[in-house]
Amino acid sequence: MSRAPAPAKTFNASVPGADDLIRLHLSESPHGASEAALRAAERELGRVNVYPDPERHELVHALAEHWNVTPDHIAVANGSDELVLATALALGDPTRPGLVTDGTFPGYRACLELTRRGCTAVALDGTAVDTDAFAARLPGHGIGYLCNPHNPSGAALTREELTALVDACGRGGVPLVCDEAYMEFAAPDTPQVRDLLDGGAPVVALRTFSKAYGLAALRVGYAVGPPALIAELRRALRALPFSVNRLAQAAAVSTLGDRDFLAGVRRSTDERRRWFTGELDRRGRGHLPSVTNFVAVEARDCALAQDRLAADFGILVRNAGLFGFPGYLRTSLGTQENLVRFLDALEKIEENP
């Protein structure tokens, strides 16, 4: 009996041996984690035989102080991914589908489908979120999901756009989940859910320690929102009481107190982004404006380019066509050396397809 041919190898999020390649595909921080966070995690290694605090009390209280809210406004989970699933399970009217946008993080749709709620998508306005269309359609749905700043474009909503969306969810009573995983990289005056939390609308922000804080491997994220919604979210999270491990909780508490580290990451990322977009302009290569730690770069035949960059040059990037942005490769703002290697390799691939 002949064997079926092996599937073609593609280079997406999960690649065997990826630790040995140039990793520009998952928006990881090239700055690592703060020394305070590493020391805190190391201290917990001597107690790995002891279950972590299932209620995450210390981290919840630290986050409440950080955001100047009460602990009832905070829920902590195993990364933003667990929070997306938990919100799909627990919030809003489960008999109505969720609302998302086209061209964004696929986890929202996946969780809505997995929980059997179903999903409706609002088309993008070019490469931007059509906030008017989203606000108009939200009342007919059970829950809504938006990514701000947007992945993979890197753009952030204006204050008027975010306010209109929060007003829409308030009028219709439909929970709106805003994934703010990349907000730490944006300018301080960039509008965010915390600015509008006191208005009483059912809006929840999702945040992560994976990006700016450099704790991706430890998997810890949190939600900030009205106590009533957070109580429902916590009830869902209690189904997995020990999902946030001991090392993650300790590291997250410590890194919150290391404000100099975060300020340095923000400053370095801003400098790297300005240098990289300037280099793209110098080379005549198009790109989308970004406020994040990644940039969507124009390229020909992005699926082929993604695979050849990995197979021939050991460079991992993401084909943004998988998100609904054909014609773009999303690259993290890694080291300057690695970004130059990426651009040089991409030019070679396009010269010799």
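Just so it is clear, the structure is predicted and the values come from calculations on it, not from any experiment. (Residues numbered from 1 in each chain as written. Predicted model: local features only at pLDDT ≥ 70, side-chain atom pairs only at ≥ 80, totals over all residues. Heavy atoms only, no water.)

1. A short note on the nonpolar core
Among the nonpolar cores identified, the biggest contains 60 residues, and L59, L63, V76, V203 and F209 are the most heavily contacted of them. No other element matches helix α9 (residues 246–256), which puts six residues into this core. For this core, the domains that each give at least three residues are domain 1 (18–27 + 260–351) and domain 2 (36–257). Core analysis: the second largest hydrophobic core is formed by 23 residues, A75, L83, I143 and V177 among them. (Core = buried A, V, L, I, M, F, W, Y, C linked by side-chain atoms within 4.5 Å. Buried < 20%, exposed > 50% of the residue type's maximum accessible area, 1.4 Å probe, protein only. Helix = DSSP H or I, 4+ residues; strand = E, 2+ residues; numbered from the N terminus. Domains from an automatic or database assignment.)

2. So, the sheet that holds strand β6 (residues 176–179)
Spatially, seven strands are ordered β2-β8-β7-β6-β5-β3-β4 in an open sheet, and the strand pairing comes out mixed. Pairing within the sheet leaves two strands with one partner each, and these edge strands are β2 (74–77) and β4 (119–122). Recorded for the sheet is a direction-independent mean angle of 25° between the axes of neighbouring strands. Both strand β3 (residues 98–101) and β4 contribute to a ladder of four bridges, which runs parallel. (Pairing = 2+ DSSP bridges. Axes fitted to C-alpha atoms, helices over the stretch in contact; angles between N-to-C directions.)

3. Some thoughts on the confidence of the model for the protein
Per-residue confidence for the protein gives a mean pLDDT of 93, with 95% of residues at or over 70. pLDDT under 50 marks residues 1–9. Its contacts with residues more than four places away, or in other chains, come to one contact. (pLDDT = per-residue confidence, 0-100. Contact = heavy atoms within 4.5 Å.)

4. Focus on the sheet that holds strand β11 (residues 318–319)
In spatial order, the strands read β9-β12-β11; together these three strands make up an open sheet with antiparallel pairing. The two strands at the open ends of the sheet, each matched to only one other strand, are β9 (294–298) and β11. Sheet analysis places β9 next to strand β12 (residues 328–332), joined by five bridges and oriented antiparallel. For V297, the partnering residue across the bridge sits in β12 and is L329. Against the sheet, helix α10 (residues 259–283) contacts β9 and β12, and its axis sits at roughly 5° relative to β9. Sitting on the sheet, helix α11 (residues 302–313) is in contact with β11 and β12, with an inclination near 35° to β12.

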